[in-house]
Amino acid sequence: MRIEAVKLDFVQLPLKTPFETSFGIERVKATWLVTVMAEGLAGYAESVADQEPLYSEETHASVYFALKNSVLPRLANREIRQPEDVDAWLQPIRGNRMAKAAIEMAIWDWFARRDGMPLWRLLGGDPERLRIPVGVSIGIQPSLERLVEVAEAYWRQGYRRLKVKIKPGVDVKPIQQLRRALGPDVPLMADANSAYTLNDMERLKALDEWNLMMIEQPLADDDIVDHHLLAREIKTPVCLDESIRSSEDARKALELGACAIINIKVGRVGGHAMARRVHDVAQIRGAPVWCGGMLETGIGRAHNLHLSTLPNFRLPGDTSASDRYFDEDLIDPPFSLNDDGTLTVPSGAGIGVVPDGKRVARYRTHHEEWRVTGDWVRQPFPHGKPTTF
Ligand code: OSB
Ligand code: MG
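Residues numbered from 1 in each chain as written. Chains lettered and ligands numbered in written order. Predicted model: local features only at pLDDT ≥ 70, side-chain atom pairs only at ≥ 80, totals over all residues. Heavy atoms only, no water.

## Thoughts on the domain arrangement of the protein chain
And step 1. For the protein chain, the assigned domains read domain 1 (5-116 + 353-371) and domain 2 (121-344).
And step 2. Inter-centroid distance (C-alpha atoms) of domain 1 to domain 2 is 23 Å.
And step 3. The partner domain 2 presents 47 residues to the 43 residues of domain 1 that form the contact.
And step 4. Area buried by domain 1 at its contact with domain 2 is led by Lys16, Tyr55 and Arg359, which between them contribute 18% of it. (Domains from an automatic or database assignment. Contact = heavy atoms within 4.5 Å. Buried area = accessible area lost by both parts, 1.4 Å probe.)

Here is the structure:
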């Protein structure tokens, strides 16, 4: 296929409740919805970058500029024979993984639709794993009472594990309270989003007592060595999120014993092809992975479910149902939680869901269409015009 046009819709969906982490509070889910057009077919994906570079270096603005100036020019006017070509051709671009992933994922969706098969099949997923066990990620709450209330409500809904955000000073107490309220058997874990250093060793050791499944990304986002030093000292298994940006990062982290588990986010590693390589590197070394999330709309959520069919996704992920985030998702029907705490992988071609036109129009604040003509990407959007993200 040759890309004929790329549509960008910037959408902003209000979150039902603010999501607080060690790096800030999100009240709205904003994303670039990317549509790749060719041969009368469309492929869909969304960017997982945020307004500010807090989780990673990327932002809505950087994704926009990387797509326009680096990513699309490397793909335009070339015959893409298979989705893996995109990953290979984008390798020279440093960083900007969320930008690369947004288009790469849309192209995977396009190919799967063209071939009339669900994306999981194209990715090589396991046909026996089409109901994905999921957990929920709980933001920092205004009080301990509220935290327990929220956690109990999700547990009653049937989620398979609970993850709570922690930061220095909001860690041992909430975990202790939760463990006491939920009992010893509820699978519970903590995500620090890089908020600690080795100076916090005692605090992190104090969590050992509460039987956590794992602690996610306790130390710096660019670190592997200190995580290894920490992992030697604590009993709680270490899981890496921010630190793993490629299969090479994964290999090094596992070789060094910096982590025992990896959270895979397609956007963070630059696309499905790389996500699969991270999965394989972990599988070979006997380390389980699970699928992380970035509060995606139904489009990104569908991609996550298809990826989660690969066999080494052995732990419940963060792909919760639509109603955990939004009153109204971009897809109709939204994703709902099955009684057994799973989400069902959509069975249609591609990711099996499409953005609902009316809803996109309702939440959209900006729209552009780039047509690939001649030997370049012709942009109807003039340079220099102020852009609202
Ligand atoms: O660290 O996993 C994280 C959300 C935004 C940014 C980073 C993270 C998260 C989550 C939420 O934990 C996962 C989800 O429900 O999508
Ligand atoms: Mg995380």
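## A look at the pattern of salt bridges
Between side chains of opposite charge, a pair can form when the charged atoms approach closely.
And step 1. Taken as a whole and judged by the stated rule, the model has 26 salt bridges.
And step 2. The salt bridge partner of Asp332 is Arg359, with a shortest N-O separation of 3.7 Å. A residue pair is termed long-range when its members are at least 10 positions apart, and Asp332 in the loop between α12 (298-307) and β12 (342-344) and Arg359 in helix α13 (residues 357-363) qualify at 27 residues.
And step 3. A residue is classified by how much of its surface remains accessible, and Arg359, at 13% relative accessible area, is buried.
And step 4. In the salt-bridge network here, residues are joined through shared partners; they are Arg161, Lys163, Lys165, Asp191, Glu216 and Asp318. (Salt bridge = Lys/Arg side-chain N within 4 Å of Asp/Glu carboxyl O. Helix = DSSP H or I, 4+ residues; strand = E, 2+ residues; numbered from the N terminus. Buried < 20%, exposed > 50% of the residue type's maximum accessible area, 1.4 Å probe, protein only.)

## Examining the packing of aromatic side chains
And step 1. Within the structure shown, the criterion is met by eight aromatic pairs.
And step 2. Between Tyr154 and Tyr159, the aromatic rings sit 5.9 Å apart at their centres with planes inclined by 80 degrees, giving edge-to-face as the arrangement. Assigned by exposure class, Tyr154 and Tyr159 land together as buried.
And step 3. Taken together through their ring pairs, the aromatic side chains of Phe10, Trp32, Tyr64, Phe65 and Trp370 make up a single cluster. (Phe/Tyr/Trp six-rings, centres within 6.5 Å; stacked < 30°, edge-to-face > 60°.)

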